[in-house]
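These are the residues of each chain, in order.
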Amino acid sequence: MNLKITHYNNFFNVKGILDKHSVQRFQEEINDAFENLQSITISLEGLESIDKYGVMALAKLHNESLSKHKQLSIIGSGCQNLFDHFKTNDAA
């Protein structure tokens, strides 16, 4: 399944595969919204898989939210490598 991003106001639902081939589309759509909104919630509940490029894109988005003083919430369960990445960054 390709990447599918739907949104309503500031809630984004991501479904499919976030990988090297779809990460640019993800970044473009979320960055456009980030310019216009103060807070964004991204649901990864429908994400089937994510590779290191997808994890790096979410980490970059997290860092941008901190530097621009925007609120970012990432919700959902299922992508263990994403949670492992943020867990190791919190411990460091």
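Residues numbered from 1 in each chain as written. Predicted model: local features only at pLDDT ≥ 70, side-chain atom pairs only at ≥ 80, totals over all residues. Heavy atoms only, no water.

Caption draft 1: Just the overall build of the protein, in detail. When its secondary structure is counted, the protein shows three helices and four strands. Starting at the N terminus and ending at the C terminus, the protein contains elements arranged as β-β-α-β-α-β-α. Across the protein, the fraction of contacts at a sequence separation of at least 24, relative to all contacts at a separation of at least 6, is 68%. Looking at the protein as shown, the accessible area adds up to about 5,800 Å², and 50% of this sits on carbon and sulfur atoms. (Helix = DSSP H or I, 4+ residues; strand = E, 2+ residues; numbered from the N terminus. Contact = heavy atoms within 4.5 Å. Areas by Shrake-Rupley, 256 points an atom, 1.4 Å probe, with all protein chains shown as cover.)

Caption draft 2: Summary view of helix α1 (residues 23–36). For α1, which comprises 14 residues, the first-to-last C-alpha distance of 20 Å matches the rise-based estimate of 20 Å (1.5 Å per residue) to within 8%. Among all positions of α1, only Val23, Phe26, Ile30, Ala33 and Phe34 are buried. Down the axis of α1, the buried set is contained in an arc of 105 degrees. They therefore lie on one face. The outward face of α1, more than 90 degrees from its buried face, is lined by the exposed residues Gln24, Asp32, Glu35 and Asn36. Taken together, the buried residues of α1 touch β1 (4–8), β2 (11–18), β3 (39–50), α2 (52–67) and β4 (71–75). (Expected span 1.5 Å × (residues − 1). Buried < 20%, exposed > 50% of the residue type's maximum accessible area, 1.4 Å probe, protein only. Arc of directions from axis to C-beta.)

Caption draft 3: Here's a closer look at the packing of aromatic side chains. In the structure shown here, the tally under the stated rule is zero aromatic pairs. Taking NZ or CZ as reference, lysine 70 lies 6.0 Å from the ring centre of phenylalanine 34, over its face. (Phe/Tyr/Trp six-rings, centres within 6.5 Å; stacked < 30°, edge-to-face > 60°. Lys NZ or Arg CZ within 6 Å of the ring centre and 35° of its normal.)

Caption draft 4: Quick look at the sheet that holds β1. With respect to topology, four strands assemble into an open sheet ordered β1-β2-β3-β4, the strand pairing being mixed. Only two strands of the sheet have a single partner each, and these edge strands are β1 and β4. Taking the axes of each pair of neighbouring strands and ignoring which way they run, one obtains an average angle of 20 degrees across the sheet. Alignment of β1 against β2, held across five bridges, turns out to be antiparallel. (Pairing = 2+ DSSP bridges. Axes fitted to C-alpha atoms, helices over the stretch in contact; angles between N-to-C directions.)

Caption draft 5: A look at α2. Between its first and last C-alpha atoms α2 spans 22 Å; for 16 residues at 1.5 Å apiece the expected length is 22 Å, and the two agree. Among the residues making up α2, those that are buried are Gly54, Val55, Ala57, Leu58, Ala59, Leu61, Glu64 and Ser65. With a side-chain oxygen lying 3.1 Å from the backbone nitrogen of tyrosine 53, the N-terminal cap of α2 falls on aspartate 51. Looking one or two residues past α2, histidine 69 carries a phi angle of roughly 55 degrees, positive in sign. (Polar contact = N/O pair within 3.5 Å; in protein donor to acceptor, adjacent residues only side chain to side chain.)

Caption draft 6: Seen up close, the pattern of salt bridges. In the structure shown here, the tally under the stated rule is two salt bridges. Between lysine 68 and glutamate 35 there is a salt bridge, with its nearest N and O atoms 3.1 Å apart. With lysine 68 in the loop between α2 and β4 and glutamate 35 in helix α1, this pair connects stretches of sequence that are 33 residues apart. Since its relative accessible area comes to 53%, glutamate 35 is described here as exposed. Where lysine 68 meets glutamate 64, a salt bridge forms, and the shortest distance between an N and an O atom there is 3.6 Å. (Salt bridge = Lys/Arg side-chain N within 4 Å of Asp/Glu carboxyl O.)

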